Amino acid sequence: MPNDNGVSRRSFLKATSAGAATAAVAGCFGGDEGNGDGNGDGNGNGNESGNGNGNGNGDGDLSNVEKAQQAWERAQDNPAPEDEETRMEAYLEMEEAIRDDMILLPLYHGLTERFWYDTVEVEPTGSLGSHRQQHNETTTEDGTLNLINSGVSSLDPIQSTDTASGVIINQVYENLVHYPNGVPEVENQLVEEVNVSDDLLTYTFTIKEAQFHDGSELTASDFVYAWRRLAESTASERANFLVEPGFLAVEHETEGEGEEATIVPDSLGVEAVDDRTIEMRITEPQPSTLDILTYDSFAAMPEGLVGDIEGYDGEYSQEQISQEVMVGCGPFQFDMWEGGTEVQVTAFDNYHGSGPELDAIHWQIIEDDEAIRTYYNERNADIFGIPTPFYDQDKIEAEEDDMGRQIGTYGELENGDTVNYLGVSEMSTFYFAFNARYADKAVRQAIAYVTDHEELINQVFAGRGVEAFSFTPPGIFPGGNEAYQTFVEEWPYTPNETDREGAQQVLEEAGFTPDEPAELTLTTYESEVFNEAATITRDKVADLGIELELEQSEFNTLISRGEDGELQFYSLGWIWSYPSIAYGLFGFEPENTNTEKIPEDADGYYLDWQVEMESEE
């Protein structure tokens, strides 16, 4: 479907391992096909005993955390098309505050690489990632598509925050619109027509005729119910996408005040005009409306399926719908999920669209790099990622297509096979992040001084990425390429070098010495390359005044600990679900990083950046 307003959309991910994996949080992430595209939100800590290293923000007495808070509010207070310059200036100020306070250290922007045997016919994916691909047109010789995934957290669309879960949800549930194959051009999925009012505040959707997997017919009321769950259910982790400014900002009423405020049941500005027509009223023009509606959490679900909002008893509990039951309109229906082992879906014969050509899709859940290598070398996976420890860039023979993607072959693998290859730049950022409750600003800055981005990418990540000095990727940086180049030139922590003197100076000024070091734990998910990156960082700061302990954690555990405010310093990643600056930066609004409120009342990165603002009051 044409995007009348040049809309864009967003999502999050996680980075799990080497070239093969990245995991993130917030939107959806996880690792399909073993190469990890996910979303991530980072958190950081940092104490405000900053020592000032020439990174002042130039705004008088404003601290960086205050600067970020005010900039975010300014952007949200100026949503109109004519206010774009104001928003861009505010977003640039946020990037400067993140950099100068070093609450999060960007490492690299990702490169999605996909490898597949000739036994499968599959379309190349775009810059929004292979996790966006619905496999209704994919074929294999035996009718089953075998993939690798990382740990799945929930099958309930309103809880979709990671790629591993999102890739399953995307096969079973459907939205009004989507990005086919991860190419950033919005198209119809369950909608036939969209009309927008002259004031850009009312959207009227005419939906297709389609059937749910339980045999019931799709109606407009099913969307109203599903979106009410997204807004009202206590299990929802993406209500902000529906009701908050900067996202859809759909009309609604609230009751209670402050942290106790909740959405009044059935007050959402979404109505079923008739069986095929939905009307949605938003409070301010939002050019990214259709892009936001591509997000997994806006999927249709039969009305009354779950009894977690007022007015419905439900056929299933929310726990069942998150772990045992899926009822969507997609080309595949849920078959089974065996904990941390495997997931399978099978073809839905009454699918409204073309396909599916497959009988089933099976995901083996594997997070260990060595186990992934064994699995694909034994030809158990049709499409897969190659973990960086086993990856050789010299084995790629590829040419660029008209979308800038590298398409060709890779090989030989250890089993002697040459496989198909796809390489595409993705809108993602992988990073080390801090929690401000634990990491002093001087410690954060010292780690930035010793981080050599070029070294990490080439020596640890086998060249699979582009140096990242901003959280927002260059292609959508506020102010465009010229502003991005200026931002990079002003990077204050000696780019692409290990600046031990700079690190030592900032630590000494804060009172940290080898005899009295700052103590910090860096947590990475189970990945050889991220563990190697962590080890390099630990060794570089060992005799400078930082005692850095390392630990690894399963991805889901890492996320839970982040939400609980238990991570001090950690690695994650973020993948944009749609090309919007605000979609990535919303997680840095200091008040939104409060882990005492995440995930119910806040959904920012696990930074607890707000403590620096509170400590200044």
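Treat the numbers as computed from the prediction; the structure is a model and nothing was measured. (Residues numbered from 1 in each chain as written. Predicted model: local features only at pLDDT ≥ 70, side-chain atom pairs only at ≥ 80, totals over all residues. Heavy atoms only, no water.)

Packing of helix H9 (residues 441-450) against helix H12 (residues 500-509) leaves a shortest axis separation of 8 Å and a crossing angle of 175 degrees. As judged from the angle between their axes, H9 and H12 are roughly antiparallel. The residues of H12 that touch H9, namely those facing Ala442, Val443, Gln445, Ala446, Tyr449 and Val450, are Arg500, Gly502, Ala503, Val506 and Leu507. Residue composition of the contact of H9 with H12, by class: eight nonpolar, two polar and one charged. (Axes fitted to C-alpha atoms, helices over the stretch in contact; angles between N-to-C directions. Helix = DSSP H or I, 4+ residues; strand = E, 2+ residues; numbered from the N terminus. Parallel < 35°, antiparallel > 145°, perpendicular 65-115°, else oblique. Contact = heavy atoms within 4.5 Å. Nonpolar A, V, L, I, M, F, W, Y, C, P; charged D, E, K, R; others polar.)

A few words now on a negative patch on the surface. Together, Asp118, Glu121, Glu141, Asp142 and Asp359 line one region of the surface with negative charge. By secondary structure assignment, the location of Asp359 is in the loop between strand E18 (342-347) and strand E19 (360-365). (Patch = residues over 30% accessible without salt bridge, like charges linked within 9 Å, V, L, I, M, F, W, Y side chains within 5 Å. Areas by Shrake-Rupley, 256 points an atom, 1.4 Å probe, with all protein chains shown as cover. Salt bridge = Lys/Arg side-chain N within 4 Å of Asp/Glu carboxyl O. Lys, Arg positive; Asp, Glu negative; His and termini not counted. Charge placed at Lys NZ, Arg CZ, Asp CG, Glu CD.)

Moving on, we get to the side chain of Asn64. You can see Asn64 is positioned in helix H1 (residues 64-76). Look at Asn64 and you get buried, because its relative accessible area is 5%. Within the local environment of Asn64, its side chain forms a polar contact with the side chain of Asp101, the two groups lying 3.4 Å apart. (Buried < 20%, exposed > 50% of the residue type's maximum accessible area, 1.4 Å probe, protein only. Polar contact = N/O pair within 3.5 Å; in protein donor to acceptor, adjacent residues only side chain to side chain.)

What follows is about the pairing of strand E17 (residues 332-338). Here E17 pairs with E18 via six bridges, running antiparallel. The residue of E18 that forms the bridge with Gln333 is Thr346. Between E17 and E18, which pair antiparallel in sequence order, lie three residues; one of them, Gly339, sits at a positive phi of approximately 40 degrees. (Pairing = 2+ DSSP bridges.)

This brings us to the nonpolar core. Membership of the largest hydrophobic core comes to 163 residues, with the highest contact counts inside it found for Phe205, Trp227, Leu242, Met280, Leu293, Phe298 and Phe588. Examining the composition of this core, we find that eight residues originate from one element, helix H4 (residues 220-232), more than from any other. When residues no more than four places from it in sequence are discounted, the contact partners of Leu242 are Trp227, Leu230, Ala231, Leu248, Ala249, Val250, Leu268 and Phe298. Judged by nonpolar contacts, the second largest core, of 16 residues, contains Tyr375, Phe384, Ile386 and Tyr391. (Core = buried A, V, L, I, M, F, W, Y, C linked by side-chain atoms within 4.5 Å.)

Quick look at the environment of Glu232 now. Topologically, Glu232 is positioned in helix H4. Sequence-wise, Glu232 and Thr262 are 30 residues apart; in three dimensions their C-alpha atoms are separated by 7.8 Å. When near neighbours in sequence (up to four residues on either side) are disregarded, Glu232 contacts Ile263, Val264, Pro265, Asp266, Ile309 and Glu310.

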